[in-house]
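Per-entry structural report
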Amino acid sequence: MDNNKVSIVVSVYNEAQVLPRFYEELEAALAGLGREHETIFVDDGSTDGSRELLDRLSAADETVTAIHFSRNFGHEAAMIAGIDHASGDAIVCMDADCQNPPALLPSILQRFDEGNDIVTMTREERADGGFLNHLSSRFFYALINRLSDTRLQPNASDFFLISRRVADVLRRDYRERTRFLRGVIQTVGFNATTLPYRAPQRAAGESHYHFSNLLHLAFSSIASFSKAPLKLGIYSGLLFGVLCIGLIVYSLVMWIVDRPVGGYTTLIIFLSAFAAVLLFVVGVIGYYVGIILDEVKGRPLYVIEYTSTNKDNK
Ligand code: UDP
Ligand code: MG
């Protein structure tokens, strides 16, 4: 069957403790698939021996490639690099800590064989992280879905399958610096489906995402998917404008009725009008910055799935 080769992209940052177990689980799953396969480990500047381990794996196993970054560039960059170098018809991105169980590969690839270009794995519940993480992730998705025009699947993880043609679109058209891969994948179109899974505890080692990283991820993904914050200026300018008119009327009436201290009315009118105009102008600038943002990102105006023509058959 065509469409058969699968590429596994694994981002690795100081995962020496779990790598052997992950590799074992992965190989078992891949062997059961009966497909041509390759595994691309992207070592995101590890300093704990993962580097040497990966070199040994790639020397011993011809289906394994290890790409080493010169320093830590972050999980997203690692996934992008892996996708760039993958040659499969289907590409599956996974974490190296066994939280994305390789045993699920058959059911993921079944979805691909059924004609899906994108299979987003959604976490049913996290065995780790606890209540606070859960709550903040729900809040985050609710917020980003309110602020942005595109619907993002809540609980989407960095565990997903994309077809070659989706990967081609990412390679060619989505090279923006501030990006949120999970979100981008859900906006390119094509046939997409989700597959819920239970993420087990991290097999060993510690999560690299601390609250500050998560906050950064949340901000950068909102910034890359929404221009709503830029409109704050316009809205607050309008709000202040209305308040200001009320205040002006009020102080004019007061001026006629009981003559306050000299200069008071002028000051109030000047200050409130000035604040409203200032905020409004900031909002207008925000609007133009939003346009610049869109242009700089250079996202595709459209993505063609396929074109039907009989030109060549004449
Ligand atoms: N990772 C990476 N670069 C980083 C941080 C993490 O490549 O700077 C990898 C890490 O090795 C793992 C995956 O990204 O394979 C997810 O990281 P982690 O398990 O720490 O995150 P969590 O599952 O806790 O969200
Ligand atoms: Mg993890």
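1. Here we look at the site of ligand 1
Lining the immediate environment of ligand 1, one finds 17 residues, of which Glu15, Asp44, Asp97, Ser207 and His208 sit closest. Backbone polar atom of Tyr13 to an oxygen atom of ligand 1: 2.8 Å apart, as the coordinates give it. Glu15 is positioned such that a nitrogen or oxygen atom in its side chain is 2.6 Å from an oxygen atom of ligand 1. Protein chains bury 92% of the 530 Å² of accessible surface belonging to ligand 1 in isolation. Its residues assigned to classes, the shell around ligand 1 comprises 4 nonpolar, 7 polar and 6 charged.

2. A look at the coordination of the magnesium ion (ligand 2)
Those protein atoms acting as donors to the magnesium ion (ligand 2) are Asp97 (OD) and Gln99 (OE1), and they sit at 1.9 Å. Take Asp97 and Gln99: they sit in the same class, and that class is buried.

3. Overview of the pairing of strand E4 (residues 90-95)
The side chains of a regular strand alternate between both faces of the sheet. Counting buried residues in E4 gives 6 out of 6 residues, a clear majority hidden from the surface. Of the two faces of E4, both are covered, the one formed by Ala90, Val92 and Met94 as well as the one formed by Ile91, Cys93 and Asp95. Sheet topology note: the strand E1 (residues 6-12)/E4 ladder contains 6 bridges and is parallel. Across the sheet, the residue bridging to Ser11 is Asp95, located in E4. Sheet analysis places E4 next to strand E6 (residues 156-163), joined by 4 bridges and oriented antiparallel. The residue bridging Val92 from the neighbouring strand is Leu161, located in E6.

4. Details of the environment of Tyr287
Within the element layout of this structure, Tyr287 appears in helix H10 (residues 264-297). Spatially, the C-alpha atom of Tyr287 lies 9.1 Å from that of Gly233, the residues being 54 residues apart in sequence.

5. Things to note about the pattern of salt bridges
According to the stated counting rule, one finds 10 salt bridges in the structure shown. Among the salt bridges present, the one from Arg21 reaches Glu25, with a minimum N-O distance of 3.0 Å. Residue Arg21 and its partner Glu25 are both found in helix H1 (residues 19-33); the two are separated by 4 residues, about one turn of the helix. The exposure class assigned to Arg21 is partly exposed, which follows from its relative accessible area of 45%.

The rules behind these values
- Residues numbered from 1 in each chain as written.
- Chains lettered and ligands numbered in written order.
- Predicted model: local features only at pLDDT ≥ 70, side-chain atom pairs only at ≥ 80, totals over all residues.
- Heavy atoms only, no water.
- Near = heavy atom within 4 Å.
- Polar contact = N/O pair within 3.5 Å; in protein donor to acceptor, adjacent residues only side chain to side chain.
- Areas by Shrake-Rupley, 256 points an atom, 1.4 Å probe, with all protein chains shown as cover.
- Nonpolar A, V, L, I, M, F, W, Y, C, P; charged D, E, K, R; others polar.
- Donors = N, O, S within 2.8 Å, 3.2 Å for Na, K, Ca; no water.
- Buried < 20%, exposed > 50% of the residue type's maximum accessible area, 1.4 Å probe, protein only.
- Helix = DSSP H or I, 4+ residues; strand = E, 2+ residues; numbered from the N terminus.
- Pairing = 2+ DSSP bridges.
- Salt bridge = Lys/Arg side-chain N within 4 Å of Asp/Glu carboxyl O.

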